[in-house]
Amino acid sequence: MLKRYSEINLQQWKRLERGEITHYEVKINRFKLLFEEFGVLNVKPEDITKAYEAGLGDCAFLIDEAQEVVKKLSNDGYRLFVVTNGTAHVQRDRLKHVGLYDLFENIFISQDLGVNKPDIAFFEKVAASIDGFAKDETLIVGDSLTSDMKGGKCFGLTTVWFNRAFLTDSYLAVKNEKIESNVVNVDSFKNKSNFEENLSGALSDDALLRYLYVDYQISRLSQIKSLLSDLNCSN
């Protein structure tokens, strides 16, 4: 049941990203659909949602190197912000629970802003709330191709995909990579207005999103430090 919950939960968050449902519907639908599938009776999704969220903020677990990297970047003078589609009180409680809350200058949550990643309006509201914001001086680091990378790239930010499933010794400059000719002949699409449509037929969904929206890829958070160092040296 837990595995199926994770699948349904992810599906509902993807629907939110596409603008098909509201944040409230995400929270209710994931339990409603799960209970219907497993024949769970006499339990209201609304009641489970309240109980679930009451404890969720206290169940945060840090990714390896997260605390070290965030503290290092903060001490080095980088301005750090959180952008998330999560539930407002849950996300804040989680950050406080793991001791990272005060290291971020601000926390931007879709529930507060009234719009979700990857909508450009989300990023516009974030940018308008940050004094001295400059796109060309901003990186967005995230693990979602569909919300973080797509939204960030469409807004004009440098994107860094955190992909723990593909381990590397250093960061990858995805924007400099070439798609192998035996996978798809990209050159044959260059003069066509339906470039993305043609390309989508030749690549998997993740490969297409990576090609279109990812500038750099990391498999460990500590690789951010070397990436920033190299970017600073090249500017």
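Above: the structure in question.
In what follows, the accompanying structure is described. (Residues numbered from 1 in each chain as written. Predicted model: local features only at pLDDT ≥ 70, side-chain atom pairs only at ≥ 80, totals over all residues. Heavy atoms only, no water.)

### Description of helix α8 (residues 145-155)
Then step 1. Those residues of α8 that sit buried are Leu 145, Ser 147, Asp 148, Met 149, Gly 151, Gly 152 and Phe 155.
Then step 2. Where the residues of α8 are buried, they touch α1 (2-17), α7 (120-128), β3 (139-142), β4 (158-162) and α10 (205-213).
Then step 3. Once α8 ends, the next one or two residues include Gly 156, with phi positive near 105°. (Buried < 20%, exposed > 50% of the residue type's maximum accessible area, 1.4 Å probe, protein only. Helix = DSSP H or I, 4+ residues; strand = E, 2+ residues; numbered from the N terminus. Contact = heavy atoms within 4.5 Å.)

### Details of the pairing of β4
Then step 1. Burial within β4 is extensive, with 4 of its 5 residues counted as buried.
Then step 2. Strand direction decides the pairing type here: β3 and β4, joined by 4 bridges, are parallel. Following the sheet pairing, Leu 139 is matched in β4 by Thr 158.
Then step 3. For the segment spanning β3, α8 and β4, crossover handedness is right-handed.
Then step 4. Both β4 and strand β6 (residues 216-218) contribute to a ladder of 3 bridges, which runs parallel. Bridge pairing links Val 160 to Tyr 216 in β6. (Pairing = 2+ DSSP bridges. Right-handed = clockwise from strand over helix to strand, strands pointing away.)

### Thoughts on the packing of aromatic side chains
Then step 1. Overall, the coordinates contain 9 aromatic pairs when judged by the stated rule.
Then step 2. One aromatic cluster is present, built from ring pairs that chain together Tyr 5, Phe 31, Phe 35 and Tyr 52.
Then step 3. The ring of Tyr 101 is capped by Lys 96, whose NZ or CZ atom sits 4.9 Å from the centre of that ring.
Then step 4. Above the face of the Phe 155 ring, Lys 135 is positioned so that its terminal group lies 4.1 Å from the ring centre. (Phe/Tyr/Trp six-rings, centres within 6.5 Å; stacked < 30°, edge-to-face > 60°. Lys NZ or Arg CZ within 6 Å of the ring centre and 35° of its normal.)

### Quick word on helix α4 (residues 66-75)
Then step 1. Among the residues making up α4, those that are buried are Ala 66, Val 69, Val 70 and Leu 73. Down the axis, α4 shows its buried residues gathered within 95° of arc, on one side only.
Then step 2. After α4 finishes, the residue Gly 77 shows a positive phi value of roughly 95°. (Arc of directions from axis to C-beta.)

### Examining the nonpolar core
Side chains of a nonpolar character, in soluble globular proteins, are inclined to be buried together.
Then step 1. If you look at the biggest cluster of nonpolar residues, it comprises 24 residues, and the most contacted ones within it are Phe 104 and Ile 218.
Then step 2. Where this core is concerned, the elements lending two or more residues are α4, α5 (88-97), β2 (106-109), β4, β6 and α11 (223-234).
Then step 3. In this structure Ile 218 touches Val 141, Val 160, Trp 161, Phe 162, Asn 163, Tyr 171, Gln 223 and Ile 224, once residues within four positions along its chain are discounted.
Then step 4. Core analysis: the next-biggest nonpolar cluster, separate from the first, contains 11 residues, Phe 123, Val 126, Ala 127 and Leu 157 among them. (Core = buried A, V, L, I, M, F, W, Y, C linked by side-chain atoms within 4.5 Å.)

### Observations regarding the sheet that holds strand β5 (residues 172-173)
Strand pairing in a sheet relies on backbone hydrogen bonds, with the paired strands running either antiparallel or parallel.
Then step 1. Pairing is mixed in the open sheet, where 4 strands are placed in the order β3-β4-β6-β5. Looking at strand neighbours, the two that pair on one side only are β3 and β5, the edges of this open sheet.
Then step 2. Of the strand pairs in this sheet, β5 and β6 are connected by 2 bridges, and their pairing is antiparallel. Its bridge partner being in β6, Ala 173 is matched across the sheet by Tyr 216.

Function cannot be inferred from these measures alone, as they are strictly geometric.
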